[in-house]
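# Residue-level structure breakdown
Spelled out from the first residue to the last, the chains are:
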Amino acid sequence: MARRNEERRAALVDAAIEVLAREGARGLTFRAVDTEAGVPTGTASNYFANRDALLTQAGARVYERLRPDEATMEATRTAPRDKETYTRIMRELVGRVSSFRTGYLALLELRLEATRRPALRSILTERVRADVEANVAFHESSGLPGDATSVKLLLLALNWLIVEQLTLPDVFPEEERDALVAAAVDRIVDGY
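Note that this is a predicted model, so its numbers are computed, not measured. (Residues numbered from 1 in each chain as written. Predicted model: local features only at pLDDT ≥ 70, side-chain atom pairs only at ≥ 80, totals over all residues. Heavy atoms only, no water.)

### A word on the overall build of the protein
We apply this condition: Secondary structure elements are taken from DSSP: a helix is a run of H or I of four residues or more, a strand is a run of E of two residues or more, and numbering for both begins at the N terminus. Burial classes follow relative accessibility: with a 1.4 Å probe on protein chains only, a residue under 20% of its type's maximum area counts as buried, one over 50% as exposed, and anything between as partly exposed. Values of accessible area rely on a 1.4 Å probe in the Shrake-Rupley scheme; residue burial ignores everything except the protein chains shown. Charged residues are defined narrowly, with Lys and Arg counted positive, Asp and Glu counted negative, and His plus the chain ends left uncounted. Charge positions are represented by NZ for Lys, CZ for Arg, CG for Asp and CD for Glu.
Along its length, the protein carries 10 helices and zero strands. With the C-alpha coordinates of the protein rotated into their principal frame, the extents come out at 55 × 35 × 30 Å. When burial is assessed residue by residue, the protein has 38% of its 192 residues classed as buried. About 10,700 Å² of surface is accessible on the protein, with carbon and sulfur atoms providing 53% of the total. Each charge class in the protein was averaged separately, 27 positive and 30 negative side chains, and the resulting centres sit 7 Å apart.

### Quick notes on the nonpolar core
Filter applied, for reference: Nonpolar cores were defined as sets of buried Ala, Val, Leu, Ile, Met, Phe, Trp, Tyr and Cys residues, with membership established by side-chain atoms within 4.5 Å.
Membership of the largest hydrophobic core comes to 51 residues, with the highest contact counts inside it found for Leu20, Leu28, Val33, Tyr86, Met90 and Leu110. Of all elements in the fold, only helix H1 (6–23), helix H3 (43–47), helix H4 (51–66), helix H6 (83–99), helix H7 (101–114), helix H8 (118–142), helix H9 (148–167) and helix H10 (174–190) reach the threshold of two or more residues within this core. At nine residues, H9 tops the list of elements feeding residues into this core.

### Observations regarding the side chain of Thr43
Rules: Contacts were defined at the residue level, with two residues in contact if any of their heavy atoms lie within 4.5 Å.
Its place among the elements puts Thr43 in helix H3. A relative accessible area of 7% means that Thr43 is categorised as buried. If we ignore the near neighbours within four places in the chain, the residues touching Thr43 are Arg8, Leu12 and Asp34.

### Quick word on the pattern of salt bridges
Short version of the rule: Only one rule defines a salt bridge in this text: a Lys or Arg side-chain nitrogen within 4 Å of an Asp or Glu carboxyl oxygen.
The final tally for this structure, using the stated rule, is 17 salt bridges. Arg65 is the partner of Asp14 in a salt bridge, and the nearest nitrogen-oxygen pair spans 3.2 Å. In this pair, Asp14 sits in helix H1 while Arg65 sits in helix H4, placing the two residues 51 residues apart along the sequence. Accessibility expressed as a relative area gives 34% for Arg65, which makes it partly exposed. Linking Arg61 and Glu64 is a salt bridge whose minimum nitrogen-to-oxygen distance equals 3.2 Å. With Arg61 and Glu64 both in helix H4, this residue pair falls three residues apart, about one helical turn. Judged by its relative accessible area of 22%, Arg61 falls in the partly exposed class.

### Some details on the environment of Leu28
Of note, Leu28 is situated in the loop between H1 and helix H2 (30–37). Remark: the alpha-carbon pair of Leu28 and Leu54, spanning 26 residues in sequence, is separated by 9.0 Å. Setting aside residues no more than four positions away along its own chain, Leu28 makes contact with Ala16, Val19, Leu20, Val33, Arg51, Leu54 and Leu55.

Structure follows, in structure tokens:
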């Protein structure tokens, strides 16, 4: 039976993200989530019908938490429409996503788990596709240089840079990371 306390549900999903990042998908149990959230044993099972429901909601929650805040969006809307702005936006993106380390690591775990769970794969595919489409639509309406392919190439390149930052942070120090973001924007957008 699903409960209606949305704050408790959000806390449980946030706890699931932490467990996924730390223990991997195999370590994600209702008991582990209850422990992480500091709630009585059995609480998570009252909120989620099964483990798949918990995995799915954790994936959705990561995307909610990765969205830029309104101040960032407003700064983007009012900035000049040039490569320097594009570079600033991409640096902000890499920094924002990298700063939510557990969320992105949990998302990687969910992607791996999706290779074995068709329902999760379907949901994640839909969510990632919608995210790509939203990024392309925003870019096309913004007047920034480049096209839809530029946006997709930058997303692909920067996602792997984020993985490096989160898993092997000493490979590219922050200064080099910023230079790589600028080079990616410069080379991909100039090819447009």
